[in-house]
Amino acid sequence: MGGLQPWHWIIVIAVFVLLFGAKKLPDAARSLGKSMRIFKSEIKEMQSESQSASQPETPAKPITSERVDTAAPAPEQSPDRHTA
């Protein structure tokens, strides 16, 4: 009851042939196979990227700042002569 029996597969194949025609089925199967190969290669690439990202090759160095952290003297203010 749980799986498809051989006569189920025959009915499924007959429906595909009637819907798509005998000429288009090989092209559809070829493009499906090509898509599956591309999908598998992308999955493998993503897995290798995630493994390399989780295991860094060299320890990270802190970034040093190029800015000099010396205290600059405050600009001198000229005395205001017009104060009351």
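Just above, that's the structure.
Residues numbered from 1 in each chain as written. Predicted model: local features only at pLDDT ≥ 70, side-chain atom pairs only at ≥ 80, totals over all residues. Heavy atoms only, no water.

Chemist: Which residues make up the overall build of the protein, and what values go with them?
Modeler: When you go through the protein residue by residue, the secondary structure sums to 2 helices and 0 strands. Going through the 84 residues of the protein one by one, you find that 0% of them count as buried. Summed over its atoms, the accessible surface of the protein is roughly 9000 Å², and 62% of this surface lies on carbon and sulfur atoms. (Helix = DSSP H or I, 4+ residues; strand = E, 2+ residues; numbered from the N terminus. Buried < 20%, exposed > 50% of the residue type's maximum accessible area, 1.4 Å probe, protein only. Areas by Shrake-Rupley, 256 points an atom, 1.4 Å probe, with all protein chains shown as cover.)

Chemist: Which residues make up the pattern of salt bridges, and what are the values?
Modeler: Scanning the entire structure with this criterion turns up 1 salt bridge. Residue D27 is joined to R30 by a salt bridge in which the shortest nitrogen-to-oxygen separation is 2.8 Å. Of this pair, D27 and R30 both sit in helix α2 (residues 24-54), 3 residues apart, roughly one helical turn. Judged by relative accessible area, D27 falls into the partly exposed class, the value being 45%. (Salt bridge = Lys/Arg side-chain N within 4 Å of Asp/Glu carboxyl O.)

Chemist: Give me a nonpolar patch on the surface: which residues, what numbers.
Modeler: Together, L4, W7, W9, I11, V12, I13, V15, F16, V17, L19 and F20 give the surface a local cluster of nonpolar side chains, amounting to about 1100 Å² of exposed area. Taking relative accessible area as the criterion, L4 reaches 52% and is therefore assigned exposed. (Patch = residues over 30% accessible without salt bridge, like charges linked within 9 Å, V, L, I, M, F, W, Y side chains within 5 Å.)

Chemist: Help me get a handle on helix α1 (residues 6-20), residues and values and all.
Modeler: When the terminal C-alpha atoms of α1 are compared, their 21 Å separation across 15 residues agrees well with the 21 Å that a helix rising 1.5 Å per residue should span. Of the residues one or two after α1, G21 is the one with positive phi, at around 85°. (Expected span 1.5 Å × (residues − 1).)

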